[in-house]
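Chains, contacts and geometry: an overview
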Amino acid sequence: MSVSFKVELASNGRAKCKKSKEKIAKGELRVGRVAPNPFKEGETMTSWYKLLPFFEMQQKQRKTTKKLESIDELKGFDSLPEENQNAVKTALEQFLAEKDKPKPKKRKAKKEDGDAKEGTKKQRTPKKAKKAKKAKPEPKEEVKDLFADVKPGASPKEAAQTILKVAKELGFSLPSDDKAALVRAGQMLMGNKSSDGNFDYNKALKALAEELNCKDKLPGGKPKKKRPGPEAKCKENQGLIDAFWELREFEFKKQDKFKAISYIKVAKALAEVDYKVDSGKEVSKKGPKKLPGVGKAAGEKIDEFLGTGQIERLEKYRRGEMD
């Protein structure tokens, strides 16, 4: 089963462009790259792209990788409105025109003739001050040591299991579902192969760390500097405060400042009370115990934490499920 391509108008707004990481809005033109699923024989997996990022991705691929080079290879093209067909044609023509262009070589700057004219004296240029020598950074531990004993020629499933094993040992925040974790590791491997076609375990592990926001877990990675959360007046509320403070951190990473700021308000309000909060409903609705900045949704999360010891939204973020 070989790689194929298809195009359509997005039926919903859930998918993200694999290249730009931006959400593809409902009704927006999107191009799919359909490849064999390495974990399910006979099945395929589709990676969706916005139109221009799709061709940018193709420009960076190796020459041996199958690319879209003809409208005839694009399933669903005939079903598109005319304006979308024209946009696809234009983007494809531009890609084909740029594809085989040789990259311009950098020219070395010519030295100007420094000889002075006859009868004139050469002017001495002031000597430049010597730059202070920078201290050499300490050598970092290399990730490749983690895969020193891995034998080449492993199947995609075996290679993904190897990546997962190392990721677990390093403390990555992996999806709780083993199958989902295996698929995520497999995607990183398939997208990071060496020039000879073998899996590049080091690059795949780094890509997985970046995807799950665990780069600090890699050998030599810098530990995250976390801003300390508010300290509870009543110590029994500290776990609840820390949960909302961590939610705020994830929302900032998603660039949802509105939610992040709302969680900051909740955490600070909970920190100021001198009694144990035992009901989210009480502190979120009008009454003597109503806390500023704590609304209905926050109240439900408080009750969820009090009942189960965790907040499902936070657990999803920890697993790397940021959609």
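Residues numbered from 1 in each chain as written. Predicted model: local features only at pLDDT ≥ 70, side-chain atom pairs only at ≥ 80, totals over all residues. Heavy atoms only, no water.

Re the overall build of the protein chain
A count of helical and extended segments in the protein chain gives 10 helices and four strands. Along the chain direction, N to C, the helices and strands of the protein chain fall in the order β-β-β-α-β-α-α-α-α-α-α-α-α-α. Evaluated residue by residue, the protein chain yields a buried proportion of 33% over its 323 residues. Put simply, 56% of the contacts in the protein chain that link residues at least 6 apart link residues at least 24 apart. Here the protein chain displays about 22900 Å² of accessible surface, and carbon together with sulfur accounts for 49% of that area. (Helix = DSSP H or I, 4+ residues; strand = E, 2+ residues; numbered from the N terminus. Buried < 20%, exposed > 50% of the residue type's maximum accessible area, 1.4 Å probe, protein only. Contact = heavy atoms within 4.5 Å. Areas by Shrake-Rupley, 256 points an atom, 1.4 Å probe, with all protein chains shown as cover.)

Observations regarding the nonpolar core
Proteins that are soluble and globular tend to have nonpolar side chains buried together. In terms of nonpolar packing, the biggest core is built from 26 residues, with Phe244, Leu247, Leu270, Leu291, Val294, Ile302 and Ile311 touching the most fellow members. For this core, the elements supplying multiple residues, two or more each, are helix 6 (238-253), helix 7 (257-272), helix 9 (296-308) and helix 10 (312-318). Sequence-distant contacts of Leu291, defined by excluding residues within four places in its chain, comprise Ala269, Leu270, Val273, Tyr275 and Val283. Judged by nonpolar contacts, the second largest core, of 24 residues, contains Ala15, Val31, Ala35 and Tyr49. (Core = buried A, V, L, I, M, F, W, Y, C linked by side-chain atoms within 4.5 Å.)

Re the pairing of strand 1 (residues 4-9)
With six bridges joining them, strand 1 and strand 2 (residues 29-36) adopt antiparallel strand pairing. Its bridge partner lying in strand 2, Glu8 is registered against Arg30. Here strand 1 runs beside strand 4 (residues 74-75); their pairing, made up of two bridges, is parallel. When the sheet's bridge partners are listed, Phe5 is paired in strand 4 with Leu74. (Pairing = 2+ DSSP bridges.)

Some remarks on helix 7
With 16 residues, helix 7 extends 23 Å between its outermost C-alpha atoms, agreeing within 8% with the 22 Å of an ideal straight helix rising 1.5 Å per residue. Those residues of helix 7 that are buried lie in contact with helix 6, helix 9 and helix 10. (Expected span 1.5 Å × (residues − 1).)

Side note on the side chain of Ser279
Residue position: Ser279 is located in the loop between helix 7 and helix 8 (280-284). For Ser279, a relative accessible area of 16% gives the class buried. There is a polar contact of 3.4 Å between the side chain of Ser279 and the backbone nitrogen of Lys281. Among the polar contacts made by the side chain of Ser279, one reaches the main-chain amide nitrogen of Glu282 at a distance of 3.2 Å. Sequence-distant contacts of Ser279, that is, excluding residues within four places in its chain, are made with Asp303 and Leu306. (Polar contact = N/O pair within 3.5 Å; in protein donor to acceptor, adjacent residues only side chain to side chain.)

Overview of the packing of aromatic side chains
This structure, assessed with the given rule, holds seven aromatic pairs. Between the aromatic rings of Phe54 and Phe55, the centroid separation amounts to 5.1 Å while the plane-to-plane angle is 80 degrees, which identifies the pairing as edge-to-face. Looking at Phe55, the relative accessible area reads 6%, which means it is buried. Geometrically, the ring pair formed by Phe244 and Tyr263 is tilted, given 5.9 Å between the ring centres and 55 degrees between the ring planes. In this pair, Phe244 is assigned in helix 6 and Tyr263 in helix 7, connecting sequence segments 19 residues apart. Residue classification places Tyr263 among the buried residues on the basis of a relative accessible area of 6%. Three or more aromatic residues joined by ring pairs make a cluster, and in this case those are Phe5, Tyr49, Phe54, Phe55 and Phe95. Here the guanidinium or amino end of Arg30 rests over the ring plane of Trp48, the centre of that ring lying 3.8 Å away. (Phe/Tyr/Trp six-rings, centres within 6.5 Å; stacked < 30°, edge-to-face > 60°. Lys NZ or Arg CZ within 6 Å of the ring centre and 35° of its normal.)

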